[in-house]
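The residues making up each chain are set out below.
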Amino acid sequence: MKKPKFIAFLLAALLITLSFPSFTQAAASETPASIVARLTGRTVEDVIREKMETGKTYGTIAKENGKLKEFQKECLGLKEKVLKKDVENGYLSQKEADKILASIKANQETCNGTGNGSCGYGRGYGNGKGLGFCNNYCIYNS
């Protein structure tokens, strides 16, 4: 009698263990394209195709569908998760993460979705910094 219960327990534990990566993978695979797709009721492929064919930003696509604020809110949440993980992994200090997050929030207040605002450096203003050498993470210079 004890052996079948033990086997059932092991199978249940195995199933629970195997299900965790699928939950974490779903959260980790969220992208701006998938956020726009979900908010607009479209497929990710369709959103990416529109971006590639028209040159529109994901923010512009969201704005044209009346979803810019929701898009910004969800992107902020996504960036918060990334920054939290970077702090946990030692890539950033909490102070650096807070500074980046404050900058993102300030930029979102004036963001109109076109990608032409002062959100980050962009347009070559980084002067060649951020070549991808820092453990796949580049931070702003203080």
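Small disclaimer: the values here were computed from a predicted structure and weren't measured.

Reading the values: the criteria
Residues numbered from 1 in each chain as written. Predicted model: local features only at pLDDT ≥ 70, side-chain atom pairs only at ≥ 80, totals over all residues. Heavy atoms only, no water. Helix = DSSP H or I, 4+ residues; strand = E, 2+ residues; numbered from the N terminus. Buried < 20%, exposed > 50% of the residue type's maximum accessible area, 1.4 Å probe, protein only. Contact = heavy atoms within 4.5 Å. Areas by Shrake-Rupley, 256 points an atom, 1.4 Å probe, with all protein chains shown as cover. pLDDT = per-residue confidence, 0-100. Salt bridge = Lys/Arg side-chain N within 4 Å of Asp/Glu carboxyl O. Core = buried A, V, L, I, M, F, W, Y, C linked by side-chain atoms within 4.5 Å. Expected span 1.5 Å × (residues − 1).

1. As for the overall build of the protein
Counting its secondary structure elements, the protein contains 6 helices and 0 strands. Shown N-terminal to C-terminal, the secondary structure of the protein runs as helices and strands in the order α-α-α-α-α-α. Counting only residues that meet the buried cut, the protein has 21% of its 142 residues in that class. Counting contacts in the protein only where the partners sit at least 6 residues apart, residues at least 24 apart contribute 50% of the total. As presented, the protein carries roughly 10,500 Å² of accessible surface, and 60% of it is formed by carbon and sulfur atoms.

2. Brief notes about the confidence of the model for the protein
Caution applies to low-pLDDT parts of the model: their predicted coordinates are not meant to be read in detail. Per-residue pLDDT for the protein averages 76, and the proportion of residues at 70 or more is 64%. In the model, residues 21-27 has pLDDT below 50 throughout and makes 0 contacts with residues more than four positions away in sequence or in other chains. Between residues 118-142, whose pLDDT stays under 50, and residues either more than four places distant or in other chains, the model counts 20 contacts.

3. Brief notes about the pattern of salt bridges
Evaluation of the coordinates by the stated rule reveals 7 salt bridges. Of the charged contacts in the structure, one is a salt bridge between Glu50 and Arg42, with a shortest N-O distance of 2.6 Å. Among the charged side chains, a network of salt bridges with common partners joins Arg42, Asp46, Arg49, Glu50, Lys56 and Glu64.

4. Comments concerning the environment of Val36
Here Val36 shows up in helix α2 (residues 32-40). Residue class for Val36 comes out buried when judged on its relative accessible area of 0%. Taking C-alpha positions, Val36 is 7.4 Å from Ile61, a pair spaced 25 residues apart along the chain. Apart from residues no more than four positions distant in its own chain, Val36 is found in contact with Val47, Tyr58, Ile61, Ala62 and Phe71.

5. Topic: the nonpolar core
Across soluble globular proteins, nonpolar side chains show a tendency to be buried alongside one another. Counting residues in each nonpolar core, the largest one holds 13 residues, and the members touching the most others are Ile35, Val36, Val47, Tyr58, Ile61 and Phe71. Mapped onto this core, the elements with two or more residues apiece are α2, α4 (58-64) and α5 (68-88). It is α2 that contributes the most residues to this core, 5 residues altogether. Beyond its immediate sequence surroundings of up to four residues, Tyr58 is in contact with Pro32, Ala33, Val36, Val47, Ile48, Lys51 and Phe71. In this structure, Leu76, Leu83, Leu92 and Ile100 belong to the second largest nonpolar core, which totals 7 residues.

6. Looking at the side chain of Ser34
Here Ser34 lies in helix α2. For Ser34, a relative accessible area of 14% puts it in the buried group. When sequence neighbours within four positions are dropped, the list of residues in contact with Ser34 reads Ser29 and Val44.

7. A few points about α5
Spanning 21 residues, α5 covers 30 Å between terminal C-alpha atoms, matching the ideal 30 Å at 1.5 Å per step. Each element contacted by the buried residues of α5 is listed here: α2, α4 and α6 (94-110). Immediately downstream of α5, the backbone of Gly90 shows phi near 85°, a positive value.

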